[in-house]
Amino acid sequence: MLRSGADLPVDSLQGQEGNDLTDLSQYLPILLFLGIALILSAAFVFLPMGVSRLTGTHNPTVNKLTEYECGFPAFEDSRSQFDVRFYLVAILFIIFDLEAAFLFPWAVSLNEIGWTGWVTMMIFLFELIVGFAYAWKLGALDWE
Amino acid sequence: MSVGNSLYLVAPEIILSASGLLLLLIGAWGGFKSARLVSILAVTALFASSAVALEFLLNPAFAEGGDAFFGQYRLDKFGSLTKLLIYISAIVSIIIAPRFFDNVAGGRSAVMRPEYPVLIVFAAIGMGMMVSAVDLMTLYIGLELNSLAAYVLASFLRNDERSAEAGLKYFVLGGLASGILLFGMSLLYGFTGTTNFNAINQAFESGLSTGALFGLIFVLAGMAFKISAVPFHMWTPDVYEGAPTPVTTFFATAPKVAALALTMRLAIEAFGSQIAAWQQIIIFIALASIVVGAAGAIGQTNIKRLLAYSSINNVGFILIGLAAANQAGASAMLVYLMIYVAMTLGSFVAVLDLRDADGNQVEEISSLAGLSKSRPGLAAAIAIFMFSLAGIPPLFGFWGKFLVFEAAVQADLILLAALGIAASVIGAFYYLKVIKVMYFDESADVVVKSDSKSHAVIIALCALFVSPLGYLLIPVLGNIADQAAAALFWAL
Amino acid sequence: MAIKLIVFLPLLAAIIAGLGNRALGNIPAKVITTGALFVSCALSWPIFLSFLGGDTQAFVVPVLDWVRSGDLNFNWALSVDTLTAVMLVVVTTVSALVHLYSWGYMDEDPDQPRFFAYLSLFTFAMLMLVTADNLVQMFFGWEGVGLASYLLIGFWFKKPSANAAAIKAFVVNRVGDLGFMLGIFGTFLVFGTVSIPEILAAAPAMAGSTIGFLGMRFDTMTILCLLLFIGAMGKSAQLGLHTWLPDAMEGPTPVSALIHAATMVTAGVFMVCRLSPMFETSETALAVVTFVGAATALFAATVGLVQTDIKRVIAYSTCSQLGYMFFATGVGAYGAAMFHLFTHAFFKALLFLGAGSVIHAMHHEQDMRYYGGLKKEIPLTFWAMLAGTLAITGVGIIHIGAIPALGFAGFFSKDAIIEAAYASGTEMGSIAFFVGVTAALLTSFYSWRLMFLTFWGKPRWIESEHIQHSVHKTPETAEDSTGGYHPHESPLTMLIPLGVLAMGAIFAGFVFHHAFIDAEQGAAFWNGSIAFDEHLMHAIHEVPYWVKLSSTFAMLIGLGTAFYMYMRGEGRPQALANQFRGLYQFFFNKWYFDELYDLIFVKPAFWFGRLFWKRGDQQTIDRFGPDGAATLVSYGSKVAGRLQTGYLYSYALVMLLGLVAAITWVMVR
């Protein structure tokens, strides 16, 4: 039983119990996109590997074989100390990233929600700015 | 309904939001020095919001209340009354804080920070939204706004191990509970097609599908975490013990009120047509909370931990009123909540007033020995709170218990009432133990005199409220609680 | 108003002295209680004398409403008629004198206010009993005197024997009280009221009816009377329920004089007399009363023969005299019973107080074997005791021709009872007559034995441990059997009551016998307050001379035997005891009643008690009740503590388990 709440107003949902299955057809483009994405991403991963295997010399070292991710060694004691500032930055990033995520549907539906919507988003942004200012003033953005 | 009108109905939250943002900036630029100013302004803002809430509560023009933001938020007497309780708790929590933080042992962060009142204000906004929420969305946003502020508050003494541990535990378990709640909400939405309480209720009238039942249980489980009802109570003793005492004071009062009010609103307004689905679970949770709260408290040596179990125990009694699932029960819960807030505020402020000669907080119960001689007034106040928490007449705590039991009996839950009364005997043991230590044990000479007038005033007011004089307020409180409870049942 | 003062002054005094206790001090407490009693006494005599003169009719003074419940209505009220007036003077006079006596006797006791408060409380309860106009108030007084008796027997509560005696008295009285209660319930069931006048008015009409009891049909009045009589037996220590009285001698001697001789133990007789119209309706009940009374008179007298403790001899004597009173009521001579009660109060209180004086002089030695030769040492006590002995043995000259009968108090009352038993003409009455004469012989013997052992002969004091303790020096000569001890006459506070009571013992019979037992005067005097049988009283005068003289002869034989045994030569009692070893042991061990009861009741009761205590209470009720709950709670507290590990994952686990359990519950339901 699936329903998309995003494109239907709440009120109109009542009484649509009958055509649950037919709704799925609407998701077909997404499925297609998913397939294409899978194919493309697989191509981007495996194509360079294949090409390099075929063209370059194969001379592995320990460092070469290590996974490279986020600046950390992949395997070590989980109780090691690291700088909390990574997380601070990450959290700040998430907050402002989400802000951007809110902006997309707002921008799309701005016609519908009018000035009220516009003012509301401005207030939302203002609140974020206050938070940003607070973080800045307290030095959360300074690495040192 | 116009947006302007909606904004008017959420005036308390707007006042708090605007001042919260402003205070945050003041705090950021003013530094530690501005803590006092920020505290004063925060208390002022909370008073202003309280005034608005009181106006909404008492002015006949708002007797009917009203929906705001397209049925996401409702102003009614129920919300206004609980908001008042929340704001009062928040005000007390701010007033008692500076003295505590300025004297914290160790001295590394031994100073009141301006963020404290700001966080309390943000939590208060969240709780205000919780008690007024009539939509799962509003509910969740309010709950999280409160929770996020609370997590930070719990670990406010971040250099103190216990405080940090409390914050972490609260955060992780809170996240788990939040997930459960959210999952339940998505199930409810999935199976009813709406997030609005009334609409959910209407959808339930035609029957309850398994998925919706799951959703209902999950949502209630999430709420049970917030009210620290058994078996979702495990965090409570650790967090209450570890968190700074003013924060514990806050946790034990305002979020309890908010979460209980929200649970009531959910149970009655959203799930009111399927009482049978949740009544037995609430009965179990209530009894389990009473018993576990009482049994757990018996072995405790730390008074904050003891009060944590005491709050679990009291939540059990309050839930008996919910199990009754009628208007009398809701009214009884509200009266109980009012008394509970007074008792708890009083007890924690009294605990806060216990300091040894070096200025350290005294939290061991055994250190209270001989308090009746060294601090007779404080000992008497604690004795009053303990007797009242135990529900021993003629103190006011008895009245709350009496009302919930009466409601249970009216709802034909005689066995529940009988078991509750029997279990309250267990609870009396540890409350009386504290009194016994204070009055009859060999003096430990640990606690020294305190010169805090604000503490004395708060303790005296709370003690006066729960003393037999409180019974004079029964007509007023009963009337308000009845009206507020009636507001819950209008929708049905 | 006088009657209210009479009754409530002692209560007030008891409350003041009892609550004031040590804060009040010895002297004020004693003054208040004794003063209150003397006022009561002074107010009582005019009432009695006005009844004696026929100037006053019976009256009732209401005090308070008590119970208004459906058909059950009764008040606190003070009812005064001739019977009550007699009891009033007996109670207040003896009580006042005992209060006074206690000034001297209890002088060295550390708890005097408590003692005097108890005494006054007892007096109040006794007065409530005798002034009751309904059975419930009578029961109140009945239990009140029982309580006071318990408290006073156990007054020296540090003595284990005193505590045991107090408990025994209380428990044995409960048996009687149960009968009394059942009697009251039954009476209410049958008559629909507890008011004594109404019951007595309705009683004759009920004669011959039957009632279901214990699954069988019985004669209503017989059942009721017997149940009430069981109550009287308990209180008056009649055969079967008598075992507590000798043990009650553990209490201070003034208590024995007041409660266990003059007043409380006569409550049973009073009750039977008060309800005499009821008893008159049942021949069977009267026969039982006669039999029990006669049996007690004989039994107690035989035991009294061989006791060595001076107070126990008098206690058995009391028991025996109470038996006389009961068989008097049994044969219908209620006037004679009350007369004996009246005179007995004087001479028995006198004997007890005299014994107390002797004990006081002999440094708390109570064993008569260690007395002897006290006549010279304490002459005033001797003369008082002699008067008491002459009274109890019934010394006197019967009325011959123009010379009126002359004699000591007991002579008039006891002879009247014995003659009434003969004159009643019933089979049971004849038995009672012979038993009465025999008991009179025995009475004379043990009374004179007491006198001879105590006051005559050589001092045997040296053998007494009490005396040895007090002297601390070796006698000057080997022949000095006094142990170097010098008894002292008691103080004036003790001698005055002895003197007053001696007057009573000497003159009470002669002065009042017309009013109490004369056929015509008696009927006028009692005036319907008891079932006074004029014909029986007439018949007393018509009995043959041998009957009239029989008790006098019995007395003389008893005196002669005692003289022969104890005044002429050593070792005769011992020789006789050896000769009749079995009989002696039987008497000495009080017919083995205590042993028998121990076997039949006490041991099984203890066994049951232990069963209920250990198995029932400790191992069942406590185990599964309070103790179990407490253990469960503390166990639960440990479990809760253990679950509270402090680890996040276990907390989360509990939360999730709770969620799963809730889901499972709603699904399975």
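Within each chain, residue numbers correspond to sequence positions counted from 1 in written order. Labels follow written order: the first chain is A, the first ligand is 1, and so on. Where local features are concerned, this predicted model is filtered to residues with pLDDT of at least 70; where side-chain atom pairs are given and counted, the filter is 80 or more; whole-chain, interface and lining totals use all residues. Side-chain figures throughout are based on the complete set of non-hydrogen atoms in the structure, without hydrogens or water.

*Asks:* Would you mind going over the overall build of chain B with me for this structure?
*Replies:* Each helix is a run of DSSP H or I of at least 4 residues and each strand a run of E of at least 2, with the numbering of both proceeding from the N terminus. When helices and strands are counted, chain B shows 21 helices and two strands. Any residue under 20% of the maximum accessible area for its type is buried, any over 50% is exposed, and the rest in between are partly exposed; the area is computed with a 1.4 Å probe on protein chains only. Buried residues in chain B amount to 65% of all 492 residues. Intrachain contacts of chain B at a sequence separation of at least 6 include 81% that bridge at least 24 residues. We get accessible surface area from the Shrake-Rupley algorithm with a probe of 1.4 Å; when it comes to residues, only the shown protein chains can shield them. Accessible surface, chain B as shown: approximately 16100 Å² in total, 68% of it carbon and sulfur. In what follows, residue pairs with any heavy atoms lying within 4.5 Å of each other are defined as contacts.

*Asks:* Looking at this model, I keep getting lost on the overall build of chain A. Mind explaining?
*Replies:* Within chain A, the secondary structure is distributed over four helices and zero strands. The secondary structure elements of chain A, listed N-terminal to C-terminal, are α-α-α-α. Long-range contacts, defined here as pairs at least 24 residues apart, represent 43% of the contacts in chain A between residues at least 6 apart. As displayed, chain A has an accessible area near 12500 Å², and 69% of this comes from carbon and sulfur atoms.

*Asks:* I tried to follow the nonpolar core on my own but got confused; where do I start?
*Replies:* Judged by nonpolar contacts, the single largest core of 207 residues is most densely connected at Met278(C), Phe279(C), Phe342(C) and Phe516(C). Take this core: its biggest share by element is 19 residues, from helix H15 (residues 334-361) of chain C. In this structure Met278(C) touches Thr187(C), Phe191(C), Ile199(C), Leu200(C), Ala203(C), Met221(C), Leu224(C), Cys225(C) and Leu228(C), once residues within four positions along its chain are discounted. Ranked by size, the runner-up nonpolar core spans 202 residues in total, among them Val130(A), Leu57(B), Ala288(B) and Ala408(B). Residues enter a nonpolar core if they are buried and are Ala, Val, Leu, Ile, Met, Phe, Trp, Tyr or Cys, with the set joined through side-chain atoms within 4.5 Å.

*Asks:* Help me understand the packing of aromatic side chains, please; the structure alone is not making it clear to me.
*Replies:* Aromatic rings considered in pairs are described by the distance between their centres and by the relative angle of their planes. Residues and elements named next belong to chain C. For this analysis, a ring pair means two rings from Phe, Tyr or Trp (six-membered ring only for Trp) whose centres lie within 6.5 Å, classed as stacked if their planes differ by under 30 degrees, edge-to-face if by over 60, and tilted for the remaining angles. Per the stated rule, a full pass over the model turns up 80 aromatic pairs over all chains. Ring centres of Phe586 and Phe587 lie 6.3 Å apart, and the angle between their planes is 40 degrees; this geometry places the pair in the tilted category. Judged by its relative accessible area of 31%, Phe586 falls in the partly exposed class. What links up through ring pairs into an aromatic cluster is the set Trp45, Phe48, Phe339, Phe342, Phe346, Phe512, Phe516, Phe525 and Trp526. Sitting over the face of the ring of Trp613, Lys614 holds its NZ or CZ atom 4.2 Å from the ring centroid. We call a charge positioned above a ring when the Lys NZ or Arg CZ atom is no farther than 6 Å from the ring centre and deviates by at most 35 degrees from the ring normal.

*Asks:* Looking at this structure, how should I read the interface of chain B and chain C?
*Replies:* When the parts come together, some accessible area is lost, and that loss is often what is quoted as the size of the interface. In this complex, chain B contributes 31 residues to the contact, which on the side of chain C involves 21 residues. Each of two parts loses accessible area, computed with a 1.4 Å probe, when they are put together; buried area is these two losses added. Summed over both sides, the interface between chain B and chain C buries roughly 2300 Å², with carbon and sulfur atoms accounting for 79% of that surface. For the purposes of these results, a polar contact is taken to be a pair of N or O atoms within 3.5 Å, where, inside protein, one atom must be able to donate a hydrogen and its partner to accept one; residues adjacent in sequence count only when each atom of the pair is a side-chain atom. At the junction of chain B and chain C, the tally comes to six residue pairs in polar contact (both at pLDDT 80 or more). Basically, the charged four are Asp, Glu, Lys and Arg, the nonpolar ten are Ala, Val, Leu, Ile, Met, Phe, Trp, Tyr, Cys and Pro, and anything else, Gly included, counts as polar. Taken together, the residues of the side of chain B that touches chain C sort by class into 23 nonpolar, five polar and three charged.

*Asks:* Please clarify how helix H14 (residues 310-330) of chain C should be interpreted in this entry.
*Replies:* Because each turn of an α-helix spans 3.6 residues, side chains separated by three or four positions end up pointing in the same direction. Residue and element names in this part refer to chain C. Here the expected span of a helix is defined as 1.5 Å times the quantity of residues minus one. Along its 21 residues, H14 runs 30 Å from first to last C-alpha, staying within 8% of the 30 Å computed at 1.5 Å per residue. Of all 21 residues in H14, 21 are buried; the element is thus mostly enclosed. The N-terminus of H14 is capped by Asp309, whose side-chain oxygen sits 2.8 Å from the backbone nitrogen of Lys311.

*Asks:* Please clarify how a negative patch on the surface should be interpreted in this entry.
*Replies:* Without a salt bridge and with relative accessible area above 30%, a residue can belong to a patch; like charges are then joined within 9 Å and nonpolar side chains (Val, Leu, Ile, Met, Phe, Trp, Tyr) within 5 Å. By definition, a salt bridge exists where a carboxyl oxygen of Asp or Glu is found within 4 Å of a side-chain nitrogen of Lys or Arg. In this count, Lys and Arg are taken as positive residues and Asp and Glu as negative ones, while His and the chain termini are left out. By convention, charge coordinates are those of NZ in Lys, CZ in Arg, CG in Asp, or CD in Glu. Taken together, the side chains of Glu280(C), Glu283(C), Glu520(C), Asp533(C) and Glu534(C) present a region of like negative charge at the surface. Tracing the sequence through the fold places Glu283(C) in helix H13 (residues 283-306).

*Asks:* So what exactly am I meant to see when it comes to a nonpolar patch on the surface here?
*Replies:* The grouping of Phe82(A), Val84(A), Phe86(A), Tyr87(A), Val89(A), Ile91(A), Ile95(A) and Trp143(A) at the surface amounts to a nonpolar patch, some 780 Å² of accessible area in total. By secondary structure assignment, the location of Tyr87(A) is in helix H3 (residues 85-108).

*Asks:* Explanation requested: the confidence of the model for chain A in the structure shown.
*Replies:* Per-residue confidence from the predictor is given as pLDDT, running between 0 and 100. With 76% of its residues at a pLDDT of at least 70, chain A reaches an overall mean of 78. Every residue in residues 1-19 of chain A is under pLDDT 50, and counting partners more than four places away or in other chains gives 20 contacts.

*Asks:* Explain the environment of Gly104(C) here, please?
*Replies:* All names here are of chain C. When you line up the elements, Gly104 lands in helix H3 (residues 82-105). Separated by 390 residues in sequence, Gly104 and Met494 place their C-alpha atoms 5.7 Å apart. If we ignore the near neighbours within four places in the chain, the residues touching Gly104 are His360, Pro491, Thr493 and Met494.

*Asks:* Looking at this model, I keep getting lost on the packing of helix H4 (residues 110-137) of chain A against helix H2 (residues 11-30) of chain B. Mind explaining?
*Replies:* Axes are the key here: two packed helices are described by the angle between their axes and the distance separating the axes. Here an axis means a line fitted to C-alpha atoms, over the contact stretch when the element is a helix, while the angle between two N-to-C directions is reported on a 0 to 180 degree scale. Interhelical geometry of H4(A) versus H2(B) gives an angle of 15 degrees and a closest axis separation of 9 Å. For the element pair H4(A) / H2(B), the angle class is roughly parallel. The handedness of the crossing between H4(A) and H2(B) is left-handed. Taking contact as the criterion, the partners of Phe126(A), Glu127(A), Val130(A), Ala133(A), Tyr134(A) and Lys137(A) in H4(A) are, on H2(B), Leu21(B), Leu24(B), Leu25(B), Ala28(B) and Trp29(B). In terms of residue class, the contact of H4(A) with H2(B) is made up of nine nonpolar, no polar and two charged. By the definition adopted for this analysis, an angle is roughly parallel if under 35 degrees, roughly antiparallel if over 145, roughly perpendicular if from 65 to 115, and oblique otherwise. By definition, any crossing whose near helix is turned counterclockwise from its far helix by less than a right angle is left-handed, and any crossing with a clockwise turn is right-handed.

*Asks:* Any chance you could explain unusual backbone geometry here in plain terms?
*Replies:* With the exception of glycine, most residues fall at negative phi, and the peptide bonds are largely trans. Cis geometry is found at the peptide bond from Val230(B) to Pro231(B), where omega equals 5 degrees. Cis geometry is adopted by the peptide bond preceding Pro394(B), which originates at Pro393(B) and carries an omega value of 10 degrees. One can find Pro394(B) in the loop between helix H17 (376-389) and helix H18 (396-410). Unusually for a residue other than glycine, Ser228(B) sits at a positive phi of about 50 degrees. The residue Ser228(B) is located in the loop between helix H10 (210-226) and helix H11 (235-242) in this model. With a phi close to 65 degrees, His364(C) is a non-glycine residue in the positive phi region. Mapped onto the elements, His364(C) comes out in the loop between H15 and helix H16 (379-393).

*Asks:* Got a minute to help me understand the pattern of salt bridges in this structure?
*Replies:* Should their charged atoms come close, side chains of opposite charge can pair. Applying the stated criterion across every chain yields a total of 27 salt bridges over all chains. Residue Arg312(C) pairs with Asp247(C) through a salt bridge whose shortest N-O separation is 3.6 Å. Residue Arg312(C) is found in helix H14, and its partner Asp247(C) is found in helix H9 (residues 244-247); the two are separated by 65 residues along the sequence. You'll find Arg312(C) and Asp247(C) in the same group, each marked buried. Put simply, Arg162(B), Glu165(B), Lys169(B), Asp238(B), Glu241(B), Lys304(B), Arg305(B) and Glu363(B) are held in one network by salt bridges that share partners.

*Asks:* I'm lost on the side chain of Arg375(B) in this one. Help?
*Replies:* All names here are of chain B. In this structure, Arg375 sits in the loop between helix H16 (371-374) and H17. Side-chain polar atoms of Arg375 contact the side chain of Asp353, separated by 3.1 Å. Beyond its immediate chain neighbours, meaning those up to four positions away, Arg375 contacts Asp353, Val447, Val448, Lys449 and Ser450.

*Asks:* What exactly am I supposed to notice about the pairing of strand E3 (residues 210-213) of chain C here?
*Replies:* Put simply, side chains in a regular strand alternate between the two faces of the sheet. Residues and elements named next belong to chain C. In this description, strands pair whenever DSSP reports at least two bridges between them. Two strands pair when backbone bridges link them, and E3 and strand E4 (residues 216-219) are joined in this way by four bridges, in the antiparallel orientation. Its bridge partner being in E4, Ile211 is matched across the sheet by Phe218. Counted along the chain from E3 to the antiparallel partner E4, the turn is two residues long, and its residue Leu214 has a positive phi close to 55 degrees.

*Asks:* Looking at this structure, I do not really get the confidence of the model for chain B. What am I missing?
*Replies:* Detailed reading of predicted coordinates is not advised where the pLDDT is low. Of the residues in chain B, 98% have a pLDDT of 70 or more, and the chain-wide mean is 90. ipTM for the predicted complex: 0.90, alongside a pTM of 0.65.

*Asks:* Got a minute to help me understand the pairing of strand E1 (residues 59-69) of chain C in this structure?
*Replies:* All names here are of chain C. Sheet topology note: the E1/strand E2 (residues 72-80) ladder contains nine bridges and is antiparallel. From the neighbouring strand, Pro62 faces E2, where its bridge partner is Ala77. Counting the residues between successive antiparallel strands, the hairpin from E1 to E2 contains two residues, one of them, Gly70, with a positive phi of roughly 60 degrees.

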